[in-house]
Amino acid sequence: MPQYEDYVNWRRTFHQYPEVSEQEVETTKRLKHILENYDIKILDLPLKTGLVAEIGSGEDFVAIRTDIDALPINEQVKHEFISTNQGVMHACGHDIHMATILAATTSLKTQEDTLHGRVRIIFQPAEELGYGASYITETQVLDGAKAILGFHNYPSLEVGEFAIKPGVLTSAVDRFEFKIYGKGAHAATPDQGKDPVIVLGQLINSIQSIVSRNLSAFDCAVVTIGEVSSGSTWNVIADEAYVQGTVRTFDENVRDQIQQRLDAISQGLAQAFDVDIDLNYERLPGAVVNDEELTDKAIEVAKKVGYKVEMLEQPLTIGEDFSGYSKYYPSVFALIGSQSEYDLHHPLYDPDERILEKAPEYFVNFVKQLLNN
Ligand SMILES: [Zn+2]
Ligand SMILES: [Zn+2]
């Protein structure tokens, strides 16, 4: 049975051969190879990358999820197992996630006969794109799951620390983009054109009225415009303008409401100023919502395993594609300390591997508690 040194070796190998979202071909092969070595069943599913393994038998099942993709970042960490794939790096620690879940899987495999049910282990592609979870859920392999368990390594927590929160844990992250098509003209003859800059000004003001005038005092959201552009010189009326920004929400209804308002503003201004406006609204990951009962169990298990548990008071404003599971199935997502000076997605991100000492145990214990009690 694999031990801590094996977990570290797995992690380092994954780290050396990172692949970006949707291109995790060699990573999938490597995972398959390790799982087959331990005689672990891999389900036959129509996935281009990633896979789902299974242990145990019986009606009931729970699932554990790890993501497997890396980022288009040039690694700057100095250690002997740096990325060999120039410009690609496991800067979000999904290498740590894979090693943790593989460790838990191989350990559960040795206890297969004692499990009262099945465990499906999800090795999910394309987390960083915000929609990899949908590739898994579309196969319906999780329909009927009693629980989906997941985690993220978290650099601001020390090794041995564990943080969690019932209900909303992360925000939904969306991106919007407006293209305003007016009609260019000489700056001296505005009546001959349709000035998109005037529409741009109105658009900025109107967008900023959504949170202040359309949302209830008890809802919260952020709408930020990050980029505007139009025109190229002082004496010409431009023919186009561009605006893009982001919406962060913690509730699906608020999210829908903001998207509808953006749409209405776009149509209204187009009519009022006789221009064409295209709105592109991209829904990136939704909010991760932790099931209350499962959160209580997670805390109990984490304490039993020896973690120092911290309750988060507020949701995080980062996005996480685990929301693609928590939307449909009872789920719980935790943050486990990986103690790094640099943050996730930083070229110097260097998680502390000792996270691998305890994290697998959390999943093994949790699965047993859910299936056997
Ligand atoms: Zn990430
Ligand atoms: Zn991540």
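For clarity, every value in this text was computed on a predicted model and none was experimentally measured. (Residues numbered from 1 in each chain as written. Chains lettered and ligands numbered in written order. Predicted model: local features only at pLDDT ≥ 70, side-chain atom pairs only at ≥ 80, totals over all residues. Heavy atoms only, no water.)

Participant: What am I meant to see in helix α10 (residues 355–372) here?
Facilitator: For α10, built from 18 residues, the straight-helix expectation of 26 Å at 1.5 Å per residue is met to within 8% by its first-to-last C-alpha distance of 26 Å. By the criterion of burial, α10 is predominantly enclosed, with 13 of the 18 residues buried. (Helix = DSSP H or I, 4+ residues; strand = E, 2+ residues; numbered from the N terminus. Expected span 1.5 Å × (residues − 1). Buried < 20%, exposed > 50% of the residue type's maximum accessible area, 1.4 Å probe, protein only.)

Participant: I would appreciate a short explanation of helix α7 (residues 252–273) in the present structure.
Facilitator: Structural remark: α-helix, 3.6 residues per turn; residues separated by three or four positions point the same way. The first and last C-alpha atoms of α7 sit 32 Å apart over 22 residues, in line with the 32 Å expected at 1.5 Å per residue. Every buried residue belonging to α7 is among V254, R255, I258, L262, I265, S266, L269 and A270, and all of these are buried. Seen along its axis, α7 keeps its buried residues to an arc of 145 degrees; they face one direction. Opposite the packed face of α7, turned more than 90 degrees from it, sit the exposed residues N253, Q260, Q267, Q271 and A272. Where the residues of α7 are buried, they touch β8 (172–181), α5 (196–207), α6 (209–214), β10 (221–230), β12 (240–249) and β13 (276–283). Capping of α7 at its N-terminal end is provided by D251; its side-chain oxygen lies 2.8 Å from the backbone amide nitrogen of N253. (Arc of directions from axis to C-beta. Contact = heavy atoms within 4.5 Å. Polar contact = N/O pair within 3.5 Å; in protein donor to acceptor, adjacent residues only side chain to side chain.)

Participant: Is there a simple way to think about the pattern of salt bridges in this case?
Facilitator: A side chain of one charge can pair with a side chain of the opposite charge when the charged atoms of the two come close. A full pass over the atoms with the stated rule returns 21 salt bridges. Linking R283 and D256 is a salt bridge whose minimum nitrogen-to-oxygen distance equals 2.7 Å. Residue R283 is found in strand β13, and its partner D256 is found in helix α7; the two are separated by 27 residues along the sequence. One connected set of salt bridges, linked through shared partners, spans R11, R12, E80, D95 and E353. (Salt bridge = Lys/Arg side-chain N within 4 Å of Asp/Glu carboxyl O.)

Participant: Please explain the nonpolar core as it appears in this structure.
Facilitator: One recurring pattern in soluble globular proteins is that nonpolar side chains are buried together. Ranked by internal contacts, the top residues of the largest apolar core, which has 51 residues, are V119, F123, Y362 and F366. Filtering out sequence-adjacent residues up to four positions away, Y362 remains in contact with F162, A298, V301, A302, V305, Y307, A334 and I336. Counting residues in each nonpolar core, the second largest holds 24 residues, with V52, I122, L142 and A163 among its members. (Core = buried A, V, L, I, M, F, W, Y, C linked by side-chain atoms within 4.5 Å.)

Participant: How should I be thinking about the coordination of the zinc ion (ligand 1) in this particular structure?
Facilitator: In a perfect tetrahedron of four donors around a metal, the angles come out at 109.5 degrees. In a perfect octahedron of six, they are 90 or 180 degrees. Coordination of the zinc ion (ligand 1) by the protein is provided by C92 (SG), E128 (OE), E128 (OE) and H345 (NE2), with metal-donor distances spanning 2.0 to 2.6 Å. Viewed at the metal, the four donor atoms of the zinc ion (ligand 1) are separated by angles of 54 to 152 degrees, and the geometry they form is irregular. One chain supplies every donor for the zinc ion (ligand 1), spaced along it as C-x35-E-x216-H. Separating the zinc ion (ligand 1) from the zinc ion (ligand 2) is a distance of 3.2 Å, and C92 supplies a donor atom to each of them. Taken as a pair, C92 in the loop between β3 (61–67) and α3 (94–110) and H345 in the loop between β16 (331–337) and α10 lie far apart in primary sequence, 253 residues in all. On the accessibility criterion, C92 (7% relative accessible area) is buried. Overall, the relative accessible area of 38% leaves H345 in the partly exposed class. (Donors = N, O, S within 2.8 Å, 3.2 Å for Na, K, Ca; no water. Tetrahedral: all angles 85-135°; square planar, octahedral: opposite > 155°, others 65-115°.)

Participant: How do you make sense of a negative patch on the surface when you look at a structure like this?
Facilitator: A cluster of acidic residues, E292, E293, D296 and E300, forms a negative patch at the surface. Mapped onto the secondary structure, E300 falls in helix α8 (residues 292–305). Take E300: its relative accessible area is 48%, and that puts it in the partly exposed class. (Patch = residues over 30% accessible without salt bridge, like charges linked within 9 Å, V, L, I, M, F, W, Y side chains within 5 Å. Areas by Shrake-Rupley, 256 points an atom, 1.4 Å probe, with all protein chains shown as cover. Lys, Arg positive; Asp, Glu negative; His and termini not counted. Charge placed at Lys NZ, Arg CZ, Asp CG, Glu CD.)

Participant: Sorry if this is basic, but what is going on with the packing of aromatic side chains here?
Facilitator: What characterises a pair of aromatic rings is the spacing of the ring centres plus the angle enclosed by the ring planes. One pass over the full model with this rule turns up 11 aromatic pairs. An angle of 70 degrees between the planes, with centres 5.8 Å apart, marks the rings of F176 and F178 as edge-to-face. The class for F176 is buried, based on a relative accessible area of 0%. Judged by its relative accessible area of 0%, F178 falls in the buried class. (Phe/Tyr/Trp six-rings, centres within 6.5 Å; stacked < 30°, edge-to-face > 60°.)

Participant: I keep staring at the environment of D263 and nothing clicks. Help me out?
Facilitator: Looking at the secondary structure, you find D263 in helix α7. Sequence separation between D263 and Y281 is 18 residues; the distance between their C-alpha atoms is 8.9 Å.

Participant: Is there a simple way to explain the coordination of the zinc ion (ligand 2) in this structure?
Facilitator: Taken together, the protein donors to the zinc ion (ligand 2) comprise C92 (SG), H94 (NE2) and H152 (NE2), at separations of 2.1 to 2.3 Å. For H152, a relative accessible area of 6% puts it in the buried group.

Participant: How should I be thinking about unusual backbone geometry in this particular structure?
Facilitator: For D274, which is not glycine, the phi dihedral falls at a positive 55 degrees. Of note, D274 is situated in the loop between α7 and β13. Located in the positive-phi region is Q339, a residue other than glycine, with phi close to 40 degrees. On the secondary structure map, Q339 appears in the loop between β16 and α10. Judged by its relative accessible area of 33%, Q339 falls in the partly exposed class.

Participant: Quick question: what am I supposed to make of the side chain of S326 here?
Facilitator: Within the element layout of this structure, S326 appears in helix α9 (residues 323–326). A relative accessible area of 13% places S326 in the buried class. Looking at S326, its side chain comes within polar contact range of the main-chain nitrogen of V289, at 3.1 Å. Excluding anything up to four places from it in sequence, S326 contacts A287, V288, V289 and S331.

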